[in-house]
Every structure is written in structure tokens, then in C-alpha cells.
Amino acid sequence: GGSPRRAGRAGRAGAAVSEAPPAVEMSNEGAGKRVIIIGGDGYCGWASALHLSARGYEVAIMDNLCRRLMDEQLGFDTLTPISSVHKRVAKWKELTGKDIKLYIGDICEFDFLAEAIKEFEPTAMVHFGEQRSAPYSMMDRNKAVFTQMNNITGTINVLYAIKELAPECHLVKLGTMGEYGTPNIDIEEGYLEVEHNGRKDTLPYPKQGNSWYHLSKIHDSTNMFFTTKTWGLTVTDLNQGVVYGVDTPETALDEALINRMDYDSIFGTALNRFIIQGAVGYPLTVYGKGGQTRGFLDIRDTVKCIQIAIDNPGPQGEMLVFNQFTEQFSVNELARLVTESGQRLGLDVETKSVANPRVEKEEHYYNAKHTKLADLGLQPNLMSDGKLDAVMAMALRYKDRVDMELILPATDWRTSGIKQGVSKVSA
């Protein structure tokens, strides 16, 4: 307890001398709240765990470390050199005095999940713990089945565990804006008012997933909607856009806390991939016409959204749905922003169109509402304010770690089959 204090930063190899060390505001605003972060070793989960811990929430990370294993199996690696989760947590304790408890195991095993919940007694659970890649889910039948079994089973286990062991616990679940697809009407936040044959109703917004992964998230949303109503649970579904960036104030404190940055064609998000392509002098690979439009947000806003969601539960029995993104861009607009950022850093960035490995509309209407988190106090870091330069600088710092082979598109939606391995894109 006590007044806010600041944690200083240890030096990071290769950092610019003029770089101001970010300070972390340590506060007690989360005092009394106990949060389990499922998937807390992952990209969004790790940043969220530190953000909440710095603000006085008691945090536990639950993770089976399968994301690291997938890199090993596929021959991938994060651009940034990440420490083991045990070293990460130990370094955080050394720098801040804050404990983060680790539960290493699989939420698809109910006994493991139940024991951890009984011991930790969470007031909230943040569920990032799913296979999160659309291309991975489309590689072959085996990975399609794994994606749906892992994601849907894990979420059902979490719902039963909360009902039976922690009925007051608030579930904050990561969905995806991809659940909605690209309809030719405005996308609302979770629910749609419908008038049909003279009658009106408010219904869950129609979902059109475009991969086995997206469809698993839709199943999760439907299962949570059902259990929220049936069992009176407190659930918030966060339909998150595409996250970009690496550093939050907390992960920037020390090299051992650095977050992962994926640039391969399976786990790398479009923007992070473009940034790294620009940094290493590889032409930006725009899929098809490049008119595909999506919502985006900075990793520093992801962590703020998680805190806002935890702190603002809805009434029991009513599932809240927030669309979690701050700006929307087409792929072509992203390429332009990365090119401009590169120019500011003295890089000559080129763009090339490649055959689209996905089956999707390449030019479409897209207008998604995203006011609920802003109404609750989210003040965003906007890409249009030149915020990409810091991410590009990070990519330049570690560009010697880039494996050029991993940049090319690898999974073709059309050739996904029963043979295990990558459904190769034809050259």
C-alpha cells in the first residue's frame, strides 16, 4: 500500500542514448481485485498482467506455454528475444516488489483449472488462452480440430468453473472483430435491433467467421451468451481488432520483460509484419487488391481496455459486448503509414501485391461501431499520430534476428486438407 511510486528502467542493449526511460506509475487503484489471466504468457496476456500488477491488482498467470511450443514445432521465432515466463515474473518482482503467481497447466484439464481457482479465489478472470491464429487453424484438418477443441472446451471449462467455484467472478473474454465478417451494413457492438414483419427485437449481431479460428470464437460467444442468461454469470465479450506494437511502459522496464513480436505469416498480424518487412528492406506484401479493412489498436490500448472491462462489469445475466479497437484502416492504408514511418527513419519502403492466400472480399464496406470503451474512459494511442515510428525503431534494433523465409504467405485457405503440414501457397 501507499502512494504511487515510479519504477525506473534498466538499460536495454542497443537503445538510443537519447531515449527517455519510460517510468511506470505504480498505484493501488486495483486494490482488492484478484485477477487470473489465462494465456498470461502470450502477446496480449503478458502486457495485461504487468499493467494490472503495476496498478495494485493481485495477478496470477495461467498458461500451458503452448504458444512457445508452436514456434518450436513450426521453426518460428519472435523478432524480440523473450525470456521464459519464470524469468519474466522474477524480474518483475525484482524491479517492483510485486508478486505474480504462476499456474502452468491447461484449462482443457478441468481439475487443474478448478484447483487453481479454489486456491487463488479470483474476482475476475481474463481469458486470452486460446489458439489465436486464423492461418494456423487453416493449415490442415489436425490443426482445425485442435483449434476448435482447445478453444471451445477451454471456455466451457472456465464457464463451469466460475458457476460452481466462483459465481461472483467476472469473466472478461477475448473475442475478435473477425466474428462479424465484413457485412454490407454497419457493425454494432454485439447486438442488433431488428424489425421484421412488424415485430422488433434486439438480437446478437449475425456472425460470419472466415476461418476455423474465427468460428471457434463465435462458438465461444454463443456459449457465453447462453450461460450468462441461464446461470446468471457476469461476462464481458471483447471483440478485439488487430493489435500492433511491442512495448508498454511495463514491458519496456527491462530486457527480461520484453514482449513478443511475431512477423511470420502464421502468427504475425498484418501491421507488425509490414513494419518488420520495412525494417529489413523487404517489399510489403499486400494480399490481393489491399482493400481489406479492419479495426486496429495499439498494445498500450489493449491493456487499458482490459482494465476498463474488469472495472466495469455488467449486471449478472446480461453479457456485455465491447468492440475493442480505436481506428480502422485498409491494408493499402497500412502500407502507406508504414512507408511514411520508414521515410521518417531514412528507409526506402516498397510495396508489392501478392496472390491472396485467403478467401475473402478484397474491397468491401466496413463501418464498425466502437464507442463503449471510449465512453468508459479509454484515451487511445492513435496510429495516425505517428506512433508507428517507435515500433519501426524496435524492428530495426532486432532486424538481424529476422528469418526472411518466414515473411512469405504460407497457408492457402483453398488447399487446407487432411495431410498434416502447411497448406502451401503456390509460387
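All of these numbers come straight from a predicted model, not from anything done at the bench.

S.K.: Residue-level account of the sheet that holds strand β11 (residues 242–244), with values.
M.R.: As summarised here, the arrangement of the three strands in space is β11-β13-β15, forming an open sheet in which the pairing is mixed. For this open sheet the edge positions go to β11 and β15 (327–330), each flanked by a neighbour on one side alone. Between one strand axis and the next, the sheet turns through 45 degrees on average, direction left out of account. Examined bridge by bridge, strand β13 (residues 293–298) and β15 share four bridges and lie antiparallel to one another. Residue pairing across strands places Phe 296 opposite Glu 327, the latter belonging to β15.

S.K.: An account of the nonpolar core is needed here, citing residue identities and associated values.
M.R.: Among the nonpolar cores identified, the biggest contains 41 residues, and Leu 79, Leu 271, Phe 274, Ile 275, Val 338, Met 383 and Leu 388 are the most heavily contacted of them. Put simply, the parts of the chain that give this core at least two residues each are α8 (270–280), β12 (284–287), α10 (331–344) and α12 (388–397). Per-element tally for this core: the top contributor is α8, with six residues. Filtering out sequence-adjacent residues up to four positions away, Leu 271 remains in contact with Tyr 244, Phe 296, Leu 334, Val 338, Met 383 and Leu 388. Counting 40 residues, the second largest nonpolar core, distinct from the first, contains Tyr 43, Leu 50, Leu 257 and Ile 308.

S.K.: Outline the packing of helix α4 (residues 110–120) against helix α6 (residues 141–165), supporting the account with residue identities and numerical values.
M.R.: Geometry of a packed helix pair, given as the angle between the helix axes and the separation of the axes. For the pair α4 and α6, the least separation of the axes is 10 Å and the interaxial angle reads 40 degrees. As the angle between them shows, α4 and α6 are arranged oblique. Every pair of crossing elements has a handedness; the one defined by α4 and α6 is right-handed. Together, Phe 110, Leu 113, Ala 114, Ile 117 and Lys 118 of α4 and Asn 157, Val 158, Tyr 160, Ala 161 and Leu 165 of α6 make up the contact between the two elements.

S.K.: Run through α4, naming residues and quoting values.
M.R.: Within α4, burial applies to Phe 112, Leu 113, Ala 114, Ala 116, Ile 117 and Phe 120. Where α4 is buried, its residues meet β3 (34–38), β4 (58–63), β5 (100–104), β6 (124–127) and α6.

S.K.: Before we move on, can you summarise unusual backbone geometry with the specific residues and values?
M.R.: Phi at Glu 121 takes a positive value of approximately 55 degrees, unusual for a residue other than glycine. Here Glu 121 lies in the loop between α4 and β6. If you check the backbone angles, Asn 197 has positive phi at about 50 degrees while not being a glycine. Mapping Asn 197 onto the fold places it in the loop between β8 (191–196) and β9 (199–204). In this structure Asn 197 comes out as exposed when scored by relative accessible area, which is 73%.

S.K.: Any details on the environment of Ile 107? Residues and values, ideally.
M.R.: The residue Ile 107 is located in the loop between β5 and α4 in this model. Ile 107 sits in the buried class, given a relative accessible area of 5%. Sequence separation between Ile 107 and Asp 400 is 293 residues; the distance between their C-alpha atoms is 36 Å. Residue contacts for Ile 107: discarding those within four places in its chain leaves Ile 38, Met 62, Phe 112, Leu 113, His 127, Gly 129, Gly 154, Asn 157 and Val 158.

S.K.: Let's hear about the sheet that holds strand β7 (residues 170–176): which residues, and what values?
M.R.: Pairing within the open sheet is parallel, and its seven strands lie in the order β5-β4-β3-β6-β7-β10-β14. With one partner strand each, in any of the chains shown, β5 and β14 (320–324) form the two edges of the open sheet. With strand direction ignored, the average angle separating the axes of adjacent strands in the sheet is 20 degrees.

S.K.: Summarise the side chain of Asn 239; cite the residues concerned and give the values.
M.R.: In this fold, Asn 239 is placed in strand β10 (residues 234–240). Here Tyr 180 takes part through its side chain, which lies 3.0 Å from a polar atom of the side chain of Asn 239. Not counting chain neighbours up to four residues away, the residues in contact with Asn 239 comprise Gly 175, Thr 176, Met 177, Glu 179, Tyr 180, Val 321, Phe 322, Asn 323 and Gln 324.

S.K.: A description of the state of the cysteines should follow, citing residues and the corresponding values.
M.R.: The full count for this structure, using the stated rule, is zero disulfides. Cys 108 takes part in no disulfide bond, and the closest cysteine sulfur to it belongs to Cys 66, at a distance of 9.1 Å.

S.K.: So what's going on with the confidence of the model for the chain? Residues and values would help.
M.R.: Keep in mind that low pLDDT regions are not for reading the predicted coordinates in detail. When pLDDT is averaged across the chain, the result is 94; 94% of the residues are at 70 or more. Contacts from residues 12–19, a stretch scored under 50 in pLDDT, to residues over four places away or in other chains number 16 contacts.

S.K.: Describe helix α2 (residues 66–74), listing the residues and the values that go with them.
M.R.: The complete set of buried residues in α2 reads Arg 67, Met 70 and Asp 71. Here the buried residues of α2 occupy an arc of 100 degrees about the axis, which is enough to place them on one side. Away from its buried face by more than 90 degrees, α2 exposes Glu 72 and Gln 73. The elements touched by buried residues of α2 are α5 (134–137) and α6.

The rules behind the values
Residues numbered from 1 in each chain as written. Predicted model: local features only at pLDDT ≥ 70, side-chain atom pairs only at ≥ 80, totals over all residues. Heavy atoms only, no water. Pairing = 2+ DSSP bridges. Helix = DSSP H or I, 4+ residues; strand = E, 2+ residues; numbered from the N terminus. Axes fitted to C-alpha atoms, helices over the stretch in contact; angles between N-to-C directions. Core = buried A, V, L, I, M, F, W, Y, C linked by side-chain atoms within 4.5 Å. Buried < 20%, exposed > 50% of the residue type's maximum accessible area, 1.4 Å probe, protein only. Contact = heavy atoms within 4.5 Å. Parallel < 35°, antiparallel > 145°, perpendicular 65-115°, else oblique. Left-handed = near helix turned anticlockwise from the far one by under 90°. Polar contact = N/O pair within 3.5 Å; in protein donor to acceptor, adjacent residues only side chain to side chain. Disulfide = S-S within 2.5 Å. pLDDT = per-residue confidence, 0-100. Arc of directions from axis to C-beta.

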